[in-house]
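Chain residues, written in single-letter form:
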Amino acid sequence: MNSSVIESKSLTKTFGTTTALAGVDLNVQRGESVAIMGASGSGKTTLLHVLAGITAPDSGSVQYFPAAGAPVDVTALNERDRSRLRRESFGFVFQQGLLIPELTAIENIALALMINGSPRRQALEHAAGWMASLGLAGFEDRRIGELSGGQAQRVAIARSQVTGAELVFADEPTGALDSQTSSDVMSALLWSTTGQGRSLIVVTHDADVAARCSRTVHVRDGLIVSAVPEVRS
Ligand SMILES: Nc1ncnc2c1ncn2[C@@H]1O[C@H](COP(=O)(O)OP(=O)(O)O)[C@@H](O)[C@H]1O
Ligand SMILES: [Mg+2]
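Residues numbered from 1 in each chain as written. Chains lettered and ligands numbered in written order. Predicted model: local features only at pLDDT ≥ 70, side-chain atom pairs only at ≥ 80, totals over all residues. Heavy atoms only, no water.

Asker: Quick one: what's the story with the site of ligand 1, residue by residue and with numbers?
Answerer: The environment of ligand 1 is made up of Phe15, Thr18, Ala20, Ala39, Ser40, Gly41, Ser42, Gly43, Lys44, Thr45 and Thr46. For ligand 1, an oxygen atom lies 3.0 Å from a polar atom in the backbone of Gly43. With respect to ligand 1, the side chain of Thr45 contributes an N or O atom lying 2.9 Å from an oxygen atom. Surface burial for ligand 1 is 58%, taken as the share of its 560 Å² of free accessible area covered by protein chains. Contributing elements (two or more residues each) for the shell around ligand 1: strand E2 (18-29) and helix H1 (44-51). (Near = heavy atom within 4 Å. Polar contact = N/O pair within 3.5 Å; in protein donor to acceptor, adjacent residues only side chain to side chain. Areas by Shrake-Rupley, 256 points an atom, 1.4 Å probe, with all protein chains shown as cover. Helix = DSSP H or I, 4+ residues; strand = E, 2+ residues; numbered from the N terminus.)

Asker: Mind laying out the side chain of Ser199, listing which residues take part and the relevant values?
Answerer: Along the chain, Ser199 falls in strand E8 (residues 199-203). For Ser199, a relative accessible area of 1% translates into the label buried. With residues near it in sequence (within four places) discarded, Ser199 still touches Val5, Gln29, Arg30, Gly31, Glu32, Glu166, Leu167, Val168 and Thr193. (Buried < 20%, exposed > 50% of the residue type's maximum accessible area, 1.4 Å probe, protein only. Contact = heavy atoms within 4.5 Å.)

Asker: Explain the sheet that holds E8 to me, using residue names and the numbers behind them.
Answerer: In a beta sheet, neighbouring strands are held together by backbone hydrogen bonds and run either parallel or antiparallel to one another. What the 6 strands build is an open sheet, ordered E6-E7-E8-E3-E9-E10; its pairing is mixed. The open sheet has two free edges, formed respectively by strand E6 (90-94) and strand E10 (223-226), since each of these has just one partner strand. Neighbouring strand axes in the sheet, compared pairwise and without regard to direction, differ in orientation by 25° on average. Alignment of strand E3 (residues 33-37) against E8, held across 4 bridges, turns out to be parallel. For Ala35, the partnering residue across the bridge sits in E8 and is Val202. Set on the sheet, helix H6 (residues 179-192) makes contact with E3, E6, strand E7 (167-171) and E8; between it and E8 the angle comes to about 150°. (Pairing = 2+ DSSP bridges. Axes fitted to C-alpha atoms, helices over the stretch in contact; angles between N-to-C directions.)

Asker: Please set out the packing of aromatic side chains residue by residue, giving values where relevant.
Answerer: Across all of its chains, the model carries 5 aromatic pairs by this definition. When the centroid spacing of 6.2 Å and the interplanar angle of 5° are considered together, the rings of Phe92 and Phe94 count as stacked. On the basis of relative accessibility, which here comes to 16%, the residue Phe92 falls in the buried class. On the accessibility criterion, Phe94 (21% relative accessible area) is partly exposed. Between the aromatic rings of Phe92 and Phe169, the centroid separation amounts to 5.6 Å while the plane-to-plane angle is 15°, which identifies the pairing as stacked. Of the two residues, Phe92 is situated in strand E6 and Phe169 in strand E7; the sequence distance between them amounts to 77 residues. A network of ring pairs unites the aromatic residues Tyr64, Phe90, Phe92, Phe94 and Phe169 as a single cluster. (Phe/Tyr/Trp six-rings, centres within 6.5 Å; stacked < 30°, edge-to-face > 60°.)

Asker: Kindly report on the sheet that holds strand E5 (residues 72-73), identifying the contributing residues and their values.
Answerer: Spatial strand order, E2-E1-E4-E5: 4 strands in an open sheet with antiparallel pairing. Edge positions in the sheet fall to E2 and E5, since each has one partner strand and no second. Alignment of strand E1 (residues 4-15) against E2, held across 9 bridges, turns out to be antiparallel. When the bridges of E2 are listed, Ser8 appears paired with Leu26. Across the sheet, H1 touches E1, E2 and strand E4 (59-64), and the angle it forms with E1 is around 125°.

Asker: Which residues make up the nonpolar core, and what are the values?
Answerer: The nonpolar side chains of a soluble globular protein tend to be buried, and buried together. Counting 37 residues, the largest nonpolar core has Val155, Met186, Leu189 and Leu200 as the members making the most contacts within it. For this core, the elements supplying multiple residues, two or more each, are E3, helix H3 (105-115), helix H4 (120-133), helix H5 (149-161), E7, H6, E8 and helix H7 (207-211). Residue contacts for Val155: discarding those within four places in its chain leaves Leu99, Ala105, Asn108, Ile109, Leu136, Ile144 and Leu147. Ranked by size, the runner-up nonpolar core spans 27 residues in total, among them Ile6, Leu21, Leu26 and Val28. (Core = buried A, V, L, I, M, F, W, Y, C linked by side-chain atoms within 4.5 Å.)

Below, the structure is given as structure tokens:
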């Protein structure tokens, strides 16, 4: 039985004369949390975007294996189907949550469900459940600007998870947070993904964040240079 959730083969991507990806093979198993580390400009964000079907690679393939149903060749999908895959199967958390400041916390989360067709009331109820699970009960009606950085990131995590996404992509989700808040946000992110049998791919500069993942891969000049966990002394 194949328990991979996503697999890339020989991914390449150039921007003009810059090689962002030089042939990346990566396999992520269901239930795994994988940290992607590497210097600025090494290709981490490009890799995340190609895996998630946001950016098309120049060559190579990405296969997504849903828990139910046939494997999906992400790179072969048209734009409409890729957009639907991102909406229904994947979740995203970025450094700055990209939350909508005009909406309240609960509306930001519920919106992800409403876009997929849930009635508003049901979406709000579901969103409230996620907020409670992530320690945000009582903050439902705050606007994003009225939340702390850590609270806003937990709203972003709830939004990425509320649709039941099987695979969550996070790009420096703790990059703007102090170390205690970063640790709390990472707990929320791991609880809501691998803690529920889902999978997480997280780009990070923070060794403490990477240490909490099941595996770390290092990217250098668009290549994975080591997929072995670092030995810590
Ligand atoms: N849209 C783009 N246009 C031009 N160059 C890009 C673009 N996206 C990324 N790059 C270049 O590709 C390389 C890898 O970028 P990126 O994947 O963002 O690295 P990282 O996330 O590791 O900092 C860098 O040299 C970056 O400048
Ligand atoms: Mg980046």
